[in-house]
Amino acid sequence: MNHPEQMYNYHAWANQTILGRIKELPSSVLSQEANSSYPTIAHALSHIYAVDKMWYEVLNGTSMPEALQACILLNGEIHGSVDEYIKRFTDLSTQYSEWLRGHADLEQTTLLDNPFAGVRETSLSDIVIHVVNHGTYHRGNVSTMLRQLGHASIMNDYSLFWYQEPAQV
């Protein structure tokens, strides 16, 4: 397994880990207002999903402006249950895993036309690592929001993920 694929597997695991924690809490926690980057945990989860989906489209050859346009509405799709988020994230991570298995050369580059930053050549591996990094950042927001709402979060660090995998002997 290559490093970007391993990192993406961590990302999928960390998303499911924090979603599992949220599922243990009263269902109202998704829509409770918090003083953070997003008004509610549901808004933060929708943002993570929308950005993951947008980058998936880019990895599949859609221009970034087109992918943004196609996925912008997902940012505002607020779901009422954790199970809906679990399903969406699970389905998308399955798509990413299939894509990763089909791409042996992740150092291949693509022309990225980022409407916020300009045009540049970017490796597929850098895009995957960005997806992981973006998710980590916003899972941190979700953890902070959980604490503000009076609930403990759950550890979802990369170093814990190492121990979720069978040891390579």
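Keep in mind that this is a model prediction, so the values were computed, not measured.

1. Some words on the pairing of strand S1 (residues 109-114)
- Relative to strand S2 (residues 118-123), S1 is paired through six bridges, and the arrangement is antiparallel. Of the residues in S2, the one forming a bridge with Asp113 is Val119.
- In this structure, the hairpin formed by S1 and S2 is closed by a connection of three residues.

2. Focus on helix H4 (residues 82-101)
- Here H4 contains 20 residues, and its C-alpha end-to-end distance of 28 Å stays within 8% of the 28 Å for a straight helix at 1.5 Å per residue.
- Regarding H4, the residues found buried are Val82, Tyr85, Ile86, Phe89, Leu92, Ser93, Tyr96, Ser97, Trp99 and Leu100. Take H4 and look down its axis: the buried residues cluster within an arc of 155 degrees, on one side only. Within H4, the exposed residues directed more than 90 degrees away from the buried face are Lys87 and Arg101.
- Looking at the packing, one finds that the buried side of H4 touches helix H1 (3-23), helix H2 (41-59) and helix H5 (124-148).

3. Quick word on the environment of Ile48
- Of note, Ile48 is situated in helix H2.
- Classification of Ile48 by relative accessible area gives buried; the value is 1%.
- Between the alpha carbons of Ile48 and Ser28 there is a distance of 20 Å; along the sequence they are 20 residues apart.

4. Brief notes about helix H3 (residues 64-71)
- When we look at burial in H3, the residues that qualify are Met64, Ala67 and Cys71. Summarising the axial view, the buried residues of H3 lie within an arc of 60 degrees, below the 170-degree limit, and thus occupy one face. The exposed set on the far side of H3, more than 90 degrees from its buried face, consists of Glu66, Gln69 and Ala70.
- Those residues of H3 hidden inside the fold are in contact with H2 and S1.

5. A look at the packing of aromatic side chains
- A full pass over the atoms with the stated rule returns nine aromatic pairs.
- Centre to centre, the rings of Trp13 and Phe161 are 5.6 Å apart; their planes meet at 50 degrees, and the pair counts as tilted. Here Phe161 lies in helix H6 (residues 158-162) and Trp13 lies in helix H1, a separation of 148 residues in the sequence.
- Ring plane angle 75 degrees and centroid distance 5.5 Å describe the contact between Tyr158 and Trp162, whose orientation is recorded as edge-to-face. Of this pair, Tyr158 and Trp162 are both found in helix H6, four residues apart, which corresponds to roughly one turn of the helix.

6. Focus: the environment of Pro65
- Along the chain, Pro65 turns up in helix H3.
- Residues Pro65 and Leu112 lie 47 residues apart in sequence; the distance between their C-alpha atoms is 9.4 Å.
- Excluding residues that lie within four positions of it along the chain, Pro65 makes contacts with Asp113 and Pro115.

7. Quick look at the nonpolar core
- One finds Ile22, Ile41 and Trp55 to be the most contacted residues of the largest nonpolar core, which totals 45 residues.
- When contributions to this core are tallied by element, the ones reaching two or more residues are H1, H2, H3, H4 and H5.
- No other element matches H2, which puts 13 residues into this core.
- Excluding residues that lie within four positions of it along the chain, Ile41 makes contacts with Ile22, Val29, Leu30, Val142, Met145, Leu146 and Leu149.
- Listed in part, the six residues of the second largest apolar core include Tyr10, Trp13, Val132 and Phe161.

Calculation notes
Residues numbered from 1 in each chain as written. Predicted model: local features only at pLDDT ≥ 70, side-chain atom pairs only at ≥ 80, totals over all residues. Heavy atoms only, no water. Pairing = 2+ DSSP bridges. Helix = DSSP H or I, 4+ residues; strand = E, 2+ residues; numbered from the N terminus. Expected span 1.5 Å × (residues − 1). Buried < 20%, exposed > 50% of the residue type's maximum accessible area, 1.4 Å probe, protein only. Arc of directions from axis to C-beta. Contact = heavy atoms within 4.5 Å. Phe/Tyr/Trp six-rings, centres within 6.5 Å; stacked < 30°, edge-to-face > 60°. Core = buried A, V, L, I, M, F, W, Y, C linked by side-chain atoms within 4.5 Å.

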